[in-house]
Amino acid sequence: MAETKFFETPIDLRGRVLILVAAILLLPTFFFPLWNMTLYSNQFPDGLVMSIYSYKLEGGKTPNRDDLKEINALNHYIGMRSLKEDDFTEFKWIPFFIGGVMLLALRVIVLGKMSKLVDLFVLFTYFGIFSLWSFYHKLYLYGHELEPTAAVRVAPFTPPMIGHNTLANFEVYSYPDVGSYFMAAVPVLLLAAIWLSIKSRNKERPGKSV
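As a starting point, this report considers the structure included with it. (Residues numbered from 1 in each chain as written. Predicted model: local features only at pLDDT ≥ 70, side-chain atom pairs only at ≥ 80, totals over all residues. Heavy atoms only, no water.)

This paragraph deals with the pattern of salt bridges. Under the criterion given, the structure shown has eight salt bridges. In this structure, the salt-bridge partner of Glu90 is Lys138, at a minimum N-O distance of 3.2 Å. Of the two residues, Glu90 sits in helix H4 (residues 90–111) while Lys138 sits in helix H5 (residues 114–144), which places them 48 residues apart along the sequence. In this structure, a network of salt bridges that share partners links the residues Asp46, Arg65 and Asp67. (Salt bridge = Lys/Arg side-chain N within 4 Å of Asp/Glu carboxyl O. Helix = DSSP H or I, 4+ residues; strand = E, 2+ residues; numbered from the N terminus.)

We now examine the environment of Phe135. Tracing the backbone shows Phe135 in helix H5. By relative accessible area, which is 15% here, Phe135 ends up buried. Sequence separation of Phe135 and Leu106 is 29 residues, and the distance between their C-alpha atoms is 29 Å. (Buried < 20%, exposed > 50% of the residue type's maximum accessible area, 1.4 Å probe, protein only.)

With that settled, the discussion passes to the sheet that holds strand E2 (residues 48–52). Across the sheet, which stays open at both edges, the five strands sit in the order E3-E2-E1-E7-E6 with antiparallel pairing between neighbours. Edge strands, defined here as strands with exactly one partner in the open sheet, are strand E3 (57–59) and strand E6 (163–167). Each strand axis lies, on average, 20 degrees off the axis of its neighbour in the sheet, ignoring direction. (Pairing = 2+ DSSP bridges. Axes fitted to C-alpha atoms, helices over the stretch in contact; angles between N-to-C directions.)

The next thing to look at is helix H3 (residues 67–77). The set of residues buried in H3 consists of Asp67, Leu68, Ile71, Asn72 and Asn75. Down the axis of H3, the sector holding all buried residues measures 135 degrees, keeping them to one side. Exposed positions of H3 whose direction lies more than 90 degrees from the buried face are Lys69 and His76. Those residues of H3 that are buried are in contact with strand E1 (35–40), E2, E3 and strand E5 (65–66). Residue Asp66 occupies the N-cap position of H3, its side-chain oxygen lying 3.0 Å from the main-chain nitrogen of Leu68. Positive backbone phi, approximately 85 degrees, marks Gly79, located one or two places after H3. (Arc of directions from axis to C-beta. Contact = heavy atoms within 4.5 Å. Polar contact = N/O pair within 3.5 Å; in protein donor to acceptor, adjacent residues only side chain to side chain.)

Pasting the structure below:
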């Protein structure tokens, strides 16, 4: 069957190199933030910065200010829960998952079968979609589960996941950071490895289709 032949397609040298590059590109996700949120107001014209890593939250720091503490203090006034690493279960499993994907990528290179490469691509794609959904869900909960006895009452809201929004007297900007761009390159490289291997097989077997 054509499907069986497709999954038995060997991964050519160029494809294996791309898979290796994809695995290496996951290393920066342990050192660079995945997401960045910046809040501007008249009180903070230079912006309060919060960076989200695969394993921690970190606020911008100056000699006189910790931005994460300032953000949590502001959140307290409107009844929002403090942003704490313990509330983000993702910080416990994302680094291990990324490490596991790197090992699986090396396994695909050694075994050299299309079926293993497709499995890796599908697994990583599901991971990316689930991570984005989880991030949005967390933002929704933080903006909707507000204390009714807060000093300042605001209507429930969802902080922006990507882009800009105005929340009370703050202009909030949220965008992917360096780590996410490295991560986004991984499925692209895996797809390229699939395409090159198919192209290589078709050259070896002229007149045959997948």
